[in-house]
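What follows is each chain in one-letter form.
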Amino acid sequence: MAFRPETAKPLNVFAETLLRDDNSLSRGERELIATYVSALNDCFFCQNAHGGIAQHYMQCDITYIDQIKKDYESTDLSPKLKALLAIAGSVQKGGKYVTTDQVEKARALGATDVEIHDTVLIAAAFCMFNRYVDGLGTSAPQDREIYVKRGKQRAEEGYLHFDLYK
Amino acid sequence: MAHINVPEGVPGIRSLVMFRPESGKFLYELAQVLLRGESPLTEAERELIATYVSSRNDCMFCMSSHAAAARYLFKDNKQVVDIVLNDYQSAPISDKLKALLTIAGHVQQNGKAVTDDDIAQARKHGATDRDIHDTVLIAATFCMFNRYVDGLGSLTPTDPAAYEEMGKRLGEKGYALPAPALQN
């Protein structure tokens, strides 16, 4: 992204708005949606970078994040968040996979229209970010602990000055 | 019926950004920078990449509206758009653009599906790093837009005339947030 600062700026501002602005979904919940979709897209960098941030917000360990990625239904996440993750999983396959049943279930468990909208947009956005990162073959550190350490810093600094190449 | 309570009768992404202008304004800004901003690829070529990816994602709204914009921008050469959608290898376009469409098609599958050979082919036909970067990001961005539009079940017009009008607007004015969203 350092290569194209004119596209980096709207992308960073977009990430900041989606994941950090005031929202009835917590920052941790939104990072989890991003992490889950990035895992489904098999994007090593994004699932670990956002997993590290989610871990920081949720004050949990990496095995809990891994468990969510592997089988969120078996975790103690709220039923509403599980319903939103199901929608996010469908978005990852393709927009048309989202069903009326999934949306109604999320709504019955207390999700608002804005929360459903934001879940779909976060999931769709990570189908973009994941492809951008992997499609250009950017390098990603393999040591997962690095992302856990960076998660705290990213949570504190936000996305506005994020530089993929630093 | 859309999955959420968006403005009635407004098609596609316009209804979604009117529902949520906070994120909508960045989506329009991104589309404008990517498809109309400075790039070694022409506006028509970039609309063609967007159309091709939307077609592969089976997103009728994005495919039809960007095909219309591409036809408008290709002017007398507008038949190229439908030939590309049918089989881009047989289209009267440059080998460089064909190689970039191959990359875009692989991005549509998944970022990892882009191979070193895809990149080498594009370079061989004269593509620069900027061409390749812009192709990958446009393709990735339409994997977002397509999912956003269909994932929320937004209204998809079936009358081709509706898209022709959109294509003309997008060709002339680019990507401007719908007026009702600006008032928020």
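Preceding block: the structure.
Residues numbered from 1 in each chain as written. Chains lettered and ligands numbered in written order. Predicted model: local features only at pLDDT ≥ 70, side-chain atom pairs only at ≥ 80, totals over all residues.

K.L.:
Teacher, can you tell me more about helix 2 (residues 21-36) of chain B here?
P.N.:
It helps to recall that an α-helix has 3.6 residues per turn; residues three or four apart then point in one direction. Look at helix 2 of chain B: 21 Å from first C-alpha to last across 16 residues, which is about the 22 Å you get at 1.5 Å a residue. Within helix 2 of chain B the residues assigned to the buried category are B:Ser23, B:Gly24, B:Phe26, B:Leu27, B:Tyr28, B:Leu30, B:Ala31, B:Leu34 and B:Leu35. Tucked inside the fold, the buried residues of helix 2 of chain B contact helix 1 (5-20) and helix 7 (113-135) of chain A together with helix 1 (12-19), helix 3 (43-56), helix 8 (129-151) and helix 10 (179-182) of chain B. (Helix = DSSP H or I, 4+ residues; strand = E, 2+ residues; numbered from the N terminus. Expected span 1.5 Å × (residues − 1). Buried ≥ 20, exposed ≤ 12 C-beta atoms within 10 Å, placed from the backbone. Contact = placed C-beta atoms within 7 Å.)

K.L.:
How should I be thinking about the interface of chain A and chain B in this particular structure?
P.N.:
Interface size, as often reported, equals the accessible area lost upon joining of the parts. Facing the 38 residues of chain A at the interface are 36 residues of chain B. Those elements that provide at least two residues to the side of chain A that touches chain B are helix 1, helix 6 (100-108) and helix 7 of chain A. Across the side of chain A that touches chain B, the residue classes break down as 21 nonpolar, nine polar and eight charged. (Nonpolar A, V, L, I, M, F, W, Y, C, P; charged D, E, K, R; others polar.)

K.L.:
Looking at this structure, how should I read the packing of helix 6 (residues 95-109) of chain B against helix 7 (residues 116-124) of chain B?
P.N.:
Describing two packed helices takes the angle between their axes plus the distance from one axis to the other. Residues and elements named next belong to chain B. Packing of helix 6 against helix 7 brings their axes to within 8 Å, and their N-to-C directions diverge by 160°. Classed by the angle they form, the pair helix 6 and helix 7 counts as roughly antiparallel. Note on packing geometry: the crossing formed by helix 6 with helix 7 is left-handed. Judged by residue contacts, Lys 96, Ala 99, Leu 100, Thr 102, Ile 103 and His 106 of helix 6 engage Asp 118, Gln 121 and Ala 122 from helix 7. Taken together, the residues of the contact of helix 6 with helix 7 break down into four nonpolar, three polar and two charged. (Axes fitted to C-alpha atoms, helices over the stretch in contact; angles between N-to-C directions. Parallel < 35°, antiparallel > 145°, perpendicular 65-115°, else oblique. Left-handed = near helix turned anticlockwise from the far one by under 90°.)

K.L.:
In this structure, what is going on with the packing of helix 3 of chain B against helix 8 of chain B? I would like to understand it.
P.N.:
All names here are of chain B. Viewed as axis vectors pointing N to C, helix 3 and helix 8 meet at an angle of 45°, and their least axial separation amounts to 9 Å. Of the possible angle classes, the one that applies to helix 3 and helix 8 is oblique. Of the two elements, helix 3 crosses helix 8, and the hand of that crossing is right-handed. Residue-level inspection shows Arg 46, Ile 49, Ala 50, Val 53 and Ser 54 of helix 3 in contact with helix 8, the latter providing Thr 135, Ile 138, Ala 139, Phe 142, Cys 143 and Asn 146. When the residues that make up the contact of helix 3 with helix 8 are grouped by side-chain class, the tally is seven nonpolar, three polar and one charged.

K.L.:
Any chance you could explain helix 1 of chain B here in plain terms?
P.N.:
In terms of burial, helix 1 of chain B is a largely internal element, eight of the eight residues being buried. Next to the buried residues of helix 1 of chain B lie helix 7 of chain A together with helix 2, helix 4 (60-74), helix 8 and helix 10 of chain B.

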